[in-house]
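Observations on the three-dimensional arrangement
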Amino acid sequence: MHLYLPCTTLLQALTSTATKKGGLSTGDVGAVYKYKNALVDVKLDTESNIATTLTFTDIVPSTKTIASFKLPDLKSGKVEVQYFHHHASLTSAVALNETPTIDLSATIGTPTFVIGAEAGYQTSSGKLTKYTAGISVNKPDSSASIVLGDKGDTIRACYIHHYDLLKKTAFVGEIIRRFSTNENTFTVGGSYAVDSLTVVKCKLNNHGKLGAMLQHEIIPKSLVTMSSELDTRALDRTPKFGLALALKP
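Residues numbered from 1 in each chain as written. Predicted model: local features only at pLDDT ≥ 70, side-chain atom pairs only at ≥ 80, totals over all residues. Heavy atoms only, no water.

**Description of a nonpolar patch on the surface**
On the surface, Ile-108, Phe-113, Ile-115, Ile-135, Val-137, Ile-146, Leu-148, Ile-155 and Phe-179 cluster together into a nonpolar patch covering about 740 Å² of accessible area. Among the structural elements, Ile-135 can be located in strand S11 (residues 127–139). (Patch = residues over 30% accessible without salt bridge, like charges linked within 9 Å, V, L, I, M, F, W, Y side chains within 5 Å. Areas by Shrake-Rupley, 256 points an atom, 1.4 Å probe, with all protein chains shown as cover. Salt bridge = Lys/Arg side-chain N within 4 Å of Asp/Glu carboxyl O. Helix = DSSP H or I, 4+ residues; strand = E, 2+ residues; numbered from the N terminus.)

See the structure below:
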């Protein structure tokens with residue numbers, strides 16, 4: 001289902017999401033358009049905010065430039081430039097306001113081993129707003145990573161093992177340690193391919209948070225997703241529910 005507009009403009013996707021928690025419902029609708037090497041992503045939410053993202057590929061070889069802003073908040077603009085190499089990538093982002101924050105991130109490695117880091121700098125205070133570093137080891141059927149984040153306050157270790165070539169059936173385990181509160185969070189989860197079009201995912205942590213998701217490909221490249229989250233230690237609370245629809249031609 002392609003909709004061709006003048007000058008080779010192509011409607012890439014239509015999306016819609018809805019979330020309900022208690023008596024409060026939120027949602028958004030969006031559309032993605034492509035024109036030559038430019039991609040325009042527009043979303044309108046239930047609070048009348050319009051979020052727009054403009055992506056330009058190869059203005060300079062091996063780069064991607066992304067500009068984003070949200071109306072009516074004129075100070076929410078941001079420009080991001082990404083550079084890609086066979087074994088490395090570099091990203092810089094600058095907020096478009098009077099006291100911009102500058103973010104930098106870099107990764108280097110191979111398909112089997114990657115190391116990366118990112119940092120944020122607030123120009124008004126002259127202080128670092130964040131710094132994160134991590135490593136990842138990847139194999140054809142598994143992946144493991146360790147990330148030090150939140151200015152060194154948390155460390156996260158994650159492992160995922162795939163049981164099929166399409167990587168739709170998998171087991172995931174994650175441990176997060178927060179040093180400032182001496183708190184540990186353990187999460188286990190998995191995904192299971194019911195058939196070639198349907199995937200079920202679930203996760204549970206040691207704090208009793210249970211999440212589940214059902215995703216079905218209604219037509220090629222177009223997905224409908226239903227999700228829910230429940231606090232098993234507070235069953236009197238209303239669970240969260242979500243629904244998303246993504247249509248791609």
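**Notes on unusual backbone geometry**
A cis amide bond links Leu-71 to the next residue, Pro-72, at an omega of 15°. Mapped onto the secondary structure, Pro-72 falls in the loop between strand S6 (63–71) and strand S7 (78–84). In the Ramachandran plot, Asn-182 falls in the positive-phi region, its phi being about 55° despite a non-glycine side chain. Here Asn-182 is to be found in the loop between strand S14 (170–178) and strand S15 (183–193). Judged by relative accessible area, Asn-182 falls into the exposed class, the value being 53%. Look at Lys-221: it is not a glycine, yet its phi comes out positive at around 75°. The residue Lys-221 is located in the loop between strand S17 (209–219) and strand S18 (222–231) in this model. (Buried < 20%, exposed > 50% of the residue type's maximum accessible area, 1.4 Å probe, protein only.)

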